[in-house]
Amino acid sequence: MHDTVSGEECTASLKELTLLFETAKGCRKCQLAETRKNFVFGEGNAQAELVVIGEAPGAEEDASGRPFVGRSGQLLNKILQAAGFSREEVYICNILKCRPPGNRNPLQGEIDCCMPWLLGQLQIVKPKVILILGKVAANTIFENKLPLGAMRGKVITWKEFDCFITYHPAALLRNPEWKRGCWEDIQLMMGHYEKLRAKKSAPENEN
Ligand code: URA
């Protein structure tokens, strides 16, 4: 699924991500540093064409230091697989890198402190498309208060990135009847992604 990149390019991105992680991991900019077990930076392919952004680590992610490893993560893996991606091929991260106590919603001050890490990750990975999971993550990124339904079903350009929004896997676990809608969102994203890839591989000056 992934375009071929040179070994040097890959190593450079990995080095930059590792450097960003080393800078970020001791972050104490907000009160979540007091309660976290681990700083959950993100993981995956440093040159991924697809970046997945969730809300914040839950208990299992906090315990392991890895994003989306609990039940939501298992469902996310299945969604990615159905779209033709392996988990290793994409890059997975969250808006917040530390778990809010009791999994409460992120506070604006926490978001403001954490956003530079996410922006740094995206500037390094430079994905073709971004998949945003859930209303909270989407409202945070687009700085709006729209319902999820108003943001699904279309591409939304944010900075230089083409973003698609779907249900958070935790919401899908609670409401399995939403899985059909999620699949539609994923198909829409994949159609867009394939078009971008086709454009890239098409000869530039065809007569
Ligand atoms: N939910 C999220 O939004 N992120 C995770 O990493 C796990 C659960």
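Throughout this document, residue positions are counted from 1 along each chain, in the order its sequence is written. This being a predicted model, a pLDDT of at least 70 is required before a residue's local features are given, and a value of 80 or more before pairs of side-chain atoms are given or counted; all residues contribute to the totals for chains, interfaces and linings. Note that the side-chain values use all heavy atoms of the structure and ignore hydrogens as well as water.

With reference to specific residues and values, describe empty space enclosed by the protein.
Only protein atoms enter the 1 Å grid used here. Points where a 1.4 Å probe fits but cannot escape make up a cavity, open sets with protein on both sides within 12 Å along at least five of seven lines make up a pocket, and a residue lines them when an atom lies within 4 Å of a point. Grid points are joined across faces, edges and corners, and a volume is the space filled by probe spheres set on the points. Tallied over the entire structure, the rule returns one cavity of 30 Å³ or more. For the largest cavity, the calculated volume is near 80 Å³. Taken together, 13 residues line the largest cavity, and the ones lying closest to its centre are C27, C30, C98, C113 and C114. Think of it this way: any DSSP run of H or I at least four residues long counts as a helix, any run of E at least two long counts as a strand, and we number them from the N terminus. Of all elements in the fold, only α2 (32-35) and α5 (108-125) reach the threshold of two or more residues within the lining of the largest cavity. Broken down by element, the residue count for the lining of the largest cavity peaks at four residues, all from α5. The class makeup of the residues in the lining of the largest cavity is nine nonpolar, no polar and four charged. Following the grouping adopted for this structure description, the nonpolar residues are Ala, Val, Leu, Ile, Met, Phe, Trp, Tyr, Cys and Pro, the charged ones are Asp, Glu, Lys and Arg, and the polar ones are all others, Gly among them.

Which residues make up the site of the ligand, and what values go with them?
What surrounds the ligand is the set G54, E55, A56, E61, P67, F68, N94 and H168. Polar contacts, as used here, are pairs of N or O atoms within 3.5 Å; protein pairs need one atom able to donate a hydrogen and one able to accept it. Residues neighboring in sequence count only if both atoms are side-chain atoms. Residue H168 places a side-chain N or O atom 2.8 Å away from an oxygen atom belonging to the ligand. Burial of the ligand by the surrounding chains reaches 92%, relative to a free accessible area of 230 Å². In this scheme, a molecule is assigned to a cavity or pocket if more than half of its atoms are within 2 Å of the grid points. When atoms are counted within 2 Å of each cavity's grid points, the one that captures over half of the ligand is the largest pocket. Neighbouring residues are identified by heavy atoms, a residue being near a molecule or strand if any of them is within 4 Å of it. Per-residue and other accessible areas were derived by the Shrake-Rupley procedure at a 1.4 Å probe size, with only the shown protein chains allowed to occlude residues.

For the side chain of E110, give the residues involved together with the corresponding values.
Within the fold, E110 resides in helix α5. At 2.9 Å, the side chain of E110 and the backbone nitrogen of L107 are in polar contact. When sequence neighbours within four positions are dropped, the list of residues in contact with E110 reads C30, Q31, L32, L96 and R104. We call two residues in contact whenever any of their non-hydrogen atoms come within 4.5 Å of each other.

Tell me about the environment of Y193, residues and numbers included.
Here Y193 is to be found in helix α9 (residues 179-201). When a residue's accessible area, from a 1.4 Å probe over protein chains only, is under 20% of the maximum for its type it is buried; when over 50% it is exposed; and in between it is partly exposed. For Y193, a relative accessible area of 0% corresponds to the buried category. In the structure, Y193 is positioned 143 residues away from L50 in sequence and 8.8 Å away in space, judged by C-alpha atoms.

Talk me through the pairing of strand β3 (residues 91-94); I want residue IDs and the actual numbers.
Here β3 shows two buried faces, one formed by Y91 and C93 and the other by I92 and N94. Inspection of the sheet shows strand β1 (residues 43-44) paired to β3 by two bridges, in the antiparallel sense. Bridge assignment links E43 to a residue of β3, and that residue is I92. Two strands are said to pair when DSSP picks up at least two bridges between them. Alignment of strand β2 (residues 50-54) against β3, held across four bridges, turns out to be parallel. When the sheet's bridge partners are listed, I53 is paired in β3 with C93.

Account for the packing of aromatic side chains, naming residues and giving values.
A pair of aromatic rings is counted whenever rings of Phe, Tyr or Trp (Trp by its six-membered ring) have centres within 6.5 Å, and the orientation is called stacked for planes under 30 degrees apart, edge-to-face for over 60 and tilted otherwise. Per the counting criterion, the structure on display carries five aromatic pairs. A ring pair is formed by F39 and F41, whose centres lie 6.5 Å apart and whose planes are at 20°; its orientation type is stacked. Using a relative accessible area of 6% as the deciding quantity, one classes F41 as buried.

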